[in-house]
Structures are given as structure tokens and as C-alpha cells.
Amino acid sequence: MAHWVMGSFHFKVICKTMHQFMDTALTSAGEATGLSEPNPRVGCVLTTANGETIGMGHTQQAGGPHAEVMALRAAQGAGADVRGATAYVTLEPCSHHGRTPPCCDALVAAGVGRVVIAVLDPNPLVSGRGAERLRAAGVVVDVLPSDSAQARAARELNIGFFSRMIRQTPWVRMKMAASLDGVTALNNGVSQWITGEAARADGHAWRARAGAVLTGIGTVLEDDPMLDVRLVATGRQPHLVVVDSRLETPLHARLFGTPANGQARQVWIYCAESNPSKQAALEALGAQVVHLPSPSGKVDLRALLLDLARREVNELHLEAGHKLNGSFLREGLMDECLVYLAPKLLGQGAGLSNFGPLTALQDGVSLRFHAVDRVGDDLRIVVRMEGRDGFLHAG
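All residue numbers here refer to positions counted from 1 along the written sequence of the relevant chain. Restriction of local features to residues with pLDDT of at least 70 applies here, the model being predicted, together with a cutoff of 80 or more for giving and counting side-chain atom pairs; totals for whole chains, interfaces and linings are based on all residues. Side-chain numbers here rest on the full set of heavy atoms in the structure, without hydrogens or water.

**A word on the packing of helix α3 (residues 103-110) against helix α4 (residues 129-136)**
The condition is simple: To obtain each axis, a line is fitted to C-alpha atoms, and for helices this fit is confined to the stretch in contact; angles are then taken between N-to-C directions over 0 to 180 degrees. The secondary structure listing takes helices from DSSP runs of H or I that are at least 4 residues long and strands from runs of E that are at least 2 residues long, numbered from the N terminus. Any angle that falls under 35 degrees is termed roughly parallel, while one over 145 is termed roughly antiparallel, one within 65 to 115 roughly perpendicular, and all others oblique. In this scheme the crossing of two helices becomes right-handed for a clockwise turn of the near helix relative to the far one and left-handed for an anticlockwise turn of less than a right angle. By definition in these notes, contact holds between two residues if any of their heavy atoms fall within 4.5 Å. Residues are grouped as follows: Ala, Val, Leu, Ile, Met, Phe, Trp, Tyr, Cys and Pro are nonpolar; Asp, Glu, Lys and Arg are charged; every other residue, Gly included, is polar.
Contact geometry for α3 and α4: axes closest at 9 Å, N-to-C directions at 20°. When the axes of α3 and α4 are compared, the pair comes out roughly parallel. Of the two possible hands of crossing, α3 and α4 adopt the one that is right-handed. Where α3 approaches α4, its residues C104, D105, L107 and V108 are matched on the opposing element by G130, R133 and L134. For the contact of α3 with α4, the residue count by class is four nonpolar, one polar and two charged.

Below, the structure is given as C-alpha cells:
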């Protein structure tokens, strides 16, 4: 009996250490946010048999080294011997040639003895093949239970990547800032600024993590926004998407300007009506014009999401007016809402979204609170459409 108790205690100590290393790998993976897109955010920690950390890294910009290679370089740069080491990786090492060679080959070549994986890669080109390839080379591979807290955290960190791989559409996040009574702009159009500086900076951080920011032609014409990331540091600028059914985007619009940090971005304009001369003028400015009409004569938003997934957009960040917000809600295309509420009342004005009118309360859009936090003087609320994140937990 004593032996069982000691063995159980020893097992718990080992598990605790393993979880600590994986927590560190998850923290490292978070540092790839706003940098690695369209690649997933992955972290890797290398340890010796006695639990010493000898290398750590996260995925770099697309085309750059992945987390495993960064951790191996860190260990080798410090003069550590990686032979027989254990690698804690938040996502299954890739097994195919993409922009870079397979990461499992790098781990095998380095002589790593064990790989602990938080979650398998949903990419059909990998999806278990990385683990199989490692095992075939004699590497011990452990995959965390899919319902473990760290597996859930690894999937949540890459919710857009999982969405694109499993649903073939980006994860759609709608950002709104409003007064406590739900007003996003006064009747005269004034909307800057309802929330405070901290909330605006936080909004830019969420904008930075997206693969693309989407707005509508109404916002372009009324506000002439730049929609780049300015208030927080970022390793890349998200691309810009404009829903413009009649190609009314002005040629002098600020969205064609160079973003604040000088980083390039693509501008994709989706239209429903053909206008060859205007299209040519927009494309001369560097925009790509995509013709996607729906039977109603407006842009087909479902087709737009499929097209953005093909363009490798993982998270789509909506910053639009109440009309386009209402269209996404009405068509059931919104996954998550990011709402900043200011502690003020503004009375009459534009609302968060324009859909309905409804005749029964049960016809409303059902949402689930995901997170509620104070940001400066304002309140940040993240709500999700009921069941829309179910793909994260399937299997």
C-alpha cells in the first residue's frame, strides 16, 4: 500500500511538472498573436530529463521558423545538448512541406526523445500525421486529453485557425462600442469618442490579432477610417475588407494610405455590381476587387467568408455600422461579439445593430457570456453565439 501511495505521489509530481512546462509553452504561443497569421499560434519548450528548461520559442511570421525550430535554435545557441530532450508543443508539429520544412523532421534530426502535444492539428495535411511520423522515428509521443484545460486553451488560442480548417470560414468577431443604453452614434453621426483611451487601445489589440478587418461602405463614406493598428505594437497589419455593393469607395479614401507602422496590407473590396472603369481605378491603387453578388443584389456575405478563408484569414474582425452588423446577424454569420460599454447614457441615436423587427422574444439572437472585464473606466463584454464554438470541442 505504501508503494502505491508513493507511486501515486510521484505520478502527480510528474504530471504537475508536465503541466507547468505546457503552461509555459502556451504563454509563449500567445506571443505569436498578431505575428504568425495565417499560421497558428504555437509555443514550444524543450527540457532535459531532470526538468531543466533548455530552449523555448514561438512561431514567427509566415515563412519564418515555427515554434519547434525556434526552441531548438535557442537551446543550441545556449550550448545545450538536445539529444533525448522532451519537447512540449501546444500544437502537433507539422509533417508537410508548406512555407517551411516539416517541424517533426527537425525534432527527429535534433535527437529529441519525447514530444508532449497539447492538441492535434486540425489541418487535414497534418491531423495526426505529425505524431505518427515522430513515433515511426522512435520518438515517444504523448497527446493531452482533449478535454484537459491546456488542450482547451491551445484550441481557444487558435480559434480562428481551427474555424478555417474545420468550418472553412474564419471566426467572425463583431466589435462595437456603445453607451450603457446601447447608442453607438448620435443622430448627427458623432461617435468619437464614446469609450475611453484604455478601451480604444484594447480594441486595437483585438484588431491586431485578426487576419483581416472588415467594414462597410457606409463607414468608409461617413468616417473615412484608416482601420489599421496604431495604438499597440504589432508585428503585422491585418488586411482590410470593404463590403461595397456598388463600388462607391472613393479613390482618395484613407484606407489606401500606408498604415501607421509602414507595414503593407492587402485591401479587398467586395462588390455586387459591375463597374469596369471604377474597378480598374481601384485596382490601380492596389486594391483587389471581388465580384460576389447575391440574389438580392448585395454582396453575398456567406460567399465572402468562404473566399476569405481561401485567402487564409483565420479571424475576421468587423468594425462596421449597425446596418452591416444587422446583416451579419440576420444571416447567422456572426460568431462572437466584442462590446465596449461606456458608463454614460446618450438617449436617441444609432444602435448596435439593425435587424428585425421581431414579433416574439424567442426569435432574438441567443448569446452566451464568454468574458466580462473592466478596461479603464469602461466594460468589455465578449459574448458568443450559442453553439458556434462547438467545433473546438468536437471529438
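Here the narrative resumes, following the displayed structure.
**A few points about unusual backbone geometry**
Operational definition: Each residue gets one of three labels from its accessible area relative to the maximum for its type: buried under 20%, exposed over 50%, partly exposed in between, using a 1.4 Å probe on protein chains only.
The peptide bond linking E37 to P38 adopts the cis configuration, its omega dihedral lying at 10°. With respect to the secondary-structure elements, P38 resides in the loop between α1 (2-30) and β1 (43-47). Here L247, not a glycine, exhibits a phi torsion of approximately 55°, which is positive. By the secondary structure assignment, L247 is in the loop between β8 (239-243) and β9 (267-271). Assessed through its relative accessible area of 3%, L247 is described here as buried. For E312, which is not glycine, the phi torsion reads 70° and is therefore positive.

**Things to note about the environment of V141**
Along the chain, V141 turns up in strand β5 (residues 140-143). With relative accessibility at 8%, the residue V141 sits in the buried group. Along the chain, V141 and L367 lie 226 residues apart, while their C-alpha atoms are 39 Å from each other.

**Brief notes about α3**
Just so we agree on the cut-off: Along the arc lie the directions from the helix axis toward the C-beta atoms.
Buried residues of α3: C103, C104, L107 and A110, and no others. When α3 is viewed along its axis, its buried side chains cluster within an angular range of 130° and face the same direction. Contact partners of the buried residues in α3: α2 (67-77), β3 (86-89), β4 (114-117) and α4. Just downstream of α3 lies G111, where phi reads positive at about 85°.

**Focus on the pairing of strand β14 (residues 378-385)**
Quick reminder of the rule: Should DSSP find at least two bridges between two strands, the strands are taken to pair.
Among the eight residues in β14, seven count as buried, and that is most of the element. As defined by bridge partners, strand β12 (residues 336-342) adjoins β14 across six bridges and the pair is classed as antiparallel. Looking at β14, one finds that V339 is bridged to I381. Across eight bridges, strand β13 (residues 367-375) lies against β14 in antiparallel orientation. Looking across to β14, one finds that V375 is bridged to D378. Linking β13 back to β14 in an antiparallel pair, the connection comprises two residues, with G376 at a positive phi of about 65°.

**As for the environment of F21**
Its location among the elements puts F21 in helix α1. When the C-alpha positions of F21 and L301 are compared, they lie 42 Å apart, and in sequence the two are 280 residues distant.

**Considering the side chain of R380**
Spelled out, the test is: A 3.5 Å cut-off defines polar contacts: any pair of N or O atoms within that distance qualifies, except that in protein one atom must be a possible hydrogen donor and the other a possible acceptor, and neighbouring residues in sequence count only when both atoms are side-chain atoms.
Following the sequence through the fold, R380 ends up in strand β14. Overall, R380 belongs to the buried group, its relative accessible area being 16%. At a separation of 2.9 Å, a polar atom in the side chain of R380 contacts the side chain of D202.

So yeah, pure geometry; function would need other evidence.
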